[in-house]
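# Coordinate analysis (summary)
So you can see what is in the structure, the chains are spelled out below.
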Amino acid sequence: MKNSVSEQNFYIESEEEDEEKELNRDGEGEADVNGTDSDESLADDNRQQSKTGSYNTSWPQSYRQSIDLYSSVPSPNLTFLGTPTLSRLSSSYLSSSLTRRHTPESLPTVVKPLLDKPEDEQLPPQRRSSRSLLPPTLLRRSSSIRKDEKLSRVSHELPMSRQSSFGQALLNGLNVLCGVGILSTPYAAKEGGWLGLSILLIFAVLSFYTGMLLRYCLDSEPGLGTYPDIGQAAFGTAGRVVISVILYVELYACCVEYIILESDNLSSLFPNAKISLGGFELDSHHFFALMTTLAVLPTVWLRDLSVLSYISAGGVIASVLVVLCLFWIGLVDKVGIHSEGTVLNLGTLPVAIGLYGYCYSGHAVFPNIYTSMAQPNRFPAVLLACFGICTLMYAGVAYMGYTMFGEETESQFTLNLPQDLVASKVAVWTTVVNPFTKYALTMSPVAMSLEELIPSNHMKSHMYAICIRTALVISTLLVALSIPFFGLVMSLIGSLLTMLVTLILPCACFLSILRGKATRFQIAVCIIIIAVGVVSSAFGTRSSLSRIIENLST
């Protein structure tokens, strides 16, 4: 159960010794030539060590691993929390060719960091190298690295976590952006009118730009690998904590949306389903919300969610399938396509702003994708492809759904589909199955961050982790039953949280980190984007909350 410092030190030193022996055998002649460069590199590493180490010891330390798992496909290894030894954090699809054999077998606490500061402290001064500045999730060098490469090249130019190809990075980005937001774009078109679709394009452009700003922040200094790292570099420990809390609340809110989504769609399929418990009669909505919670609860107890990650990676396929079903029903089965719609709805436009904003809530993962790429210079192309493909899908679904159902468009277009058509059944059941695989992956980062706060003397008890995860799942059920309005909750999330994560915070961090290097144009654009984000957030949040309160009162 214990993963001692001496054990970790053995793994690290033995790995480095093996690697150094291989390098010496293949390139003894290069040692003298590069001696001076190595000494200078070592001196630079020691000077930056104290600053870089601070990014690796503050809460949350599990962010990198949990978000990699949430957004990618790791190797399969299924283990429950209650087994004698907790399984290791899964190696991700972004780095599947590497092995993290010394990952702690239990979630470390703040007192015992899981990232690279302990490694740096354990090694004697003469053995410290620029490895301490590499992204913390992976500590072994890939077997794909050529043995004749110089040590300085391996340390600086080829970080060990950079193993993701262009296609893998693109798939991960699409898997994050192509979420349940696509179901509500026709509803957003109804709330905002046809001219409101221009907001979707504006948000796509601004979100792409802020994604590039995150890249500039990551490149500004070594040791930055995640969104919380950027927040800490910009605003200190308080910035790291605040940004982390916002990101985790957004993930938690997405889990609430999954419960509402399942309840709405399953109750539309089985409207007469109900049950009586202890004198209380549950209608179809409450019944399916409860059943969904009971179904996903065991998956949240899993430490290693590799199997679910493989399935959830098909989220892109699921989204494309649902879109194809909608177009098939409209064009082949010729259902609807008769509504002219409204040009502009000023009264409900703020709700549409929140819904469109929610569609681009992938910035929490973009830093991880960038730092995982084998060719980071291709990150702009990945980002452009992700936003281009997703925007076309969102706009196409919004147009088709709104023209088919008009003012009767529901918060999820699957609720409008005729139930007697085969394509409708495929679309609805695809929508129903997908959240079952994504719920645990979405909740896992939140749970891991809370488990870090468990006192070290209680880490041996698995009950603490199980209780935390169970409480989180039950709380999402209670919230979903309290405000069962899928579209309005999504608009609230998009207005209040996504605007912060996607528009406001990237610009604020960029201006803080690169204030001496940013051009006047960049500063002006950042100020404009922050203003757009603040105004959109204010109006969208106010409108969503007022609509929710109005619906609850009636």
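Residues numbered from 1 in each chain as written. Predicted model: local features only at pLDDT ≥ 70, side-chain atom pairs only at ≥ 80, totals over all residues. Heavy atoms only, no water.

On to the overall build of the chain. Counting its secondary structure elements, the chain contains 20 helices and two strands. Looking at the 554 residues of the chain, the share that counts as buried comes to 58%. When contacts within the chain are restricted to residue pairs at least 6 apart in sequence, those whose partners lie at least 24 apart make up 83%. As presented, the chain carries roughly 22,700 Å² of accessible surface, and 63% of it is formed by carbon and sulfur atoms. (Helix = DSSP H or I, 4+ residues; strand = E, 2+ residues; numbered from the N terminus. Buried < 20%, exposed > 50% of the residue type's maximum accessible area, 1.4 Å probe, protein only. Contact = heavy atoms within 4.5 Å. Areas by Shrake-Rupley, 256 points an atom, 1.4 Å probe, with all protein chains shown as cover.)

Our focus in this paragraph is the confidence of the model for the chain. On average, residues of the chain score 77 in pLDDT, and 70% of them are at 70 or above. Long-range and interchain partners of residues 27-38, a stretch whose pLDDT sits below 50, account for four contacts in this model, where long-range means more than four residues apart. Note on residues 40-52: pLDDT under 50 across the span, and 18 contacts to partners over four residues away in sequence or across chains. (pLDDT = per-residue confidence, 0-100.)

On the surface, a nonpolar cluster with roughly 390 Å² of combined accessible area is contributed by Leu 195, Val 343, Leu 344 and Leu 346. With respect to the helices and strands, Val 343 occurs in the loop between α13 (315-332) and α14 (349-358). Look at Val 343 and you get exposed, because its relative accessible area is 52%. (Patch = residues over 30% accessible without salt bridge, like charges linked within 9 Å, V, L, I, M, F, W, Y side chains within 5 Å. Salt bridge = Lys/Arg side-chain N within 4 Å of Asp/Glu carboxyl O.)

One pass over the structure, following the stated rule, counts eight cavities of 30 Å³ or more. A volume near 320 Å³ is recorded for the largest cavity. Tyr 70, Val 176, Cys 254, Tyr 258 and Ser 361 are, among the 24 residues lining the largest cavity, the residues nearest its centre. Looking at the lining of the largest cavity, the elements that each hand over two or more residues are α4 (63-71), α7 (166-177), α10 (227-269) and α17 (422-451). Ranked by residue count, the leading element in the lining of the largest cavity is α10, at four residues. Looking at side-chain class alone, the lining of the largest cavity contains 15 nonpolar, seven polar and two charged residues. (1 Å grid on protein atoms, 1.4 Å probe; cavity = no way out; pocket = protein on both sides within 12 Å on 5 of 7 lines; lining within 4 Å. Points joined across faces, edges and corners; volume = space filled by probe spheres on them. Nonpolar A, V, L, I, M, F, W, Y, C, P; charged D, E, K, R; others polar.)

For the rest of this paragraph, the subject is the nonpolar core. With 122 residues, the main nonpolar core has Tyr 356 and Tyr 439 as its most contacted residues. With seven residues, the next largest nonpolar core counts Leu 282, Phe 288, Val 428 and Val 432 among its residues. (Core = buried A, V, L, I, M, F, W, Y, C linked by side-chain atoms within 4.5 Å.)

Now for the environment of Gln 375. Residue position: Gln 375 is located in the loop between α15 (366-372) and α16 (379-405). Taking the relative accessible area as the measure of exposure, Gln 375 reaches 44% and is therefore partly exposed.

With that out of the way, let us pick up the packing of α13 against α16. Here α13 crosses α16 at 35 degrees, and the two axes come no closer than 10 Å. In the packing of α13 onto α16, the handedness of the crossing is left-handed. Taking contact as the criterion, the partners of Ser 319, Val 320, Val 323, Leu 326, Phe 327, Ile 329, Gly 330 and Leu 331 in α13 are, on α16, Met 393, Gly 396, Val 397, Met 400, Gly 401, Met 404 and Phe 405. (Axes fitted to C-alpha atoms, helices over the stretch in contact; angles between N-to-C directions. Left-handed = near helix turned anticlockwise from the far one by under 90°.)

All right, on to the packing of aromatic side chains then. Considering all chains together, one arrives at 13 aromatic pairs under this definition. Aromatic side chains Phe 208 and Phe 387 sit 6.4 Å apart centroid to centroid with 85 degrees between the ring planes, which places their arrangement in the edge-to-face category. You can see Phe 208 sitting in helix α9 (residues 197-219) and its partner Phe 387 sitting in helix α16, a full 179 residues away along the chain. Among the residues examined, Phe 387 registers a relative accessible area of 3% and is labelled buried. Taking the centre distance of 5.9 Å and the plane angle of 90 degrees together, the rings of Tyr 360 and Tyr 394 count as edge-to-face. Taken together, the residues Tyr 360 in the loop between α14 and α15 and Tyr 394 in helix α16 connect sequence positions 34 residues apart. Neither residue differs from the other here; Tyr 360 and Tyr 394 are each classed as buried. Linked through ring pairs, Phe 208, Tyr 360, Phe 366, Phe 387 and Tyr 394 together constitute an aromatic cluster. (Phe/Tyr/Trp six-rings, centres within 6.5 Å; stacked < 30°, edge-to-face > 60°.)

Before going further, it helps to spend a moment on α14. An α-helical turn contains 3.6 residues, so any two residues separated by three or four positions project in the same direction. Of all 10 residues making up α14, 10 are buried, and the element is well covered by its neighbours. Those residues of α14 that sit buried are Leu 349, Pro 350, Val 351, Ala 352, Ile 353, Gly 354, Leu 355, Tyr 356, Gly 357 and Tyr 358. Taken together, the buried residues of α14 touch α8 (185-192), α9, α10, α19 (486-513) and α20 (520-553).

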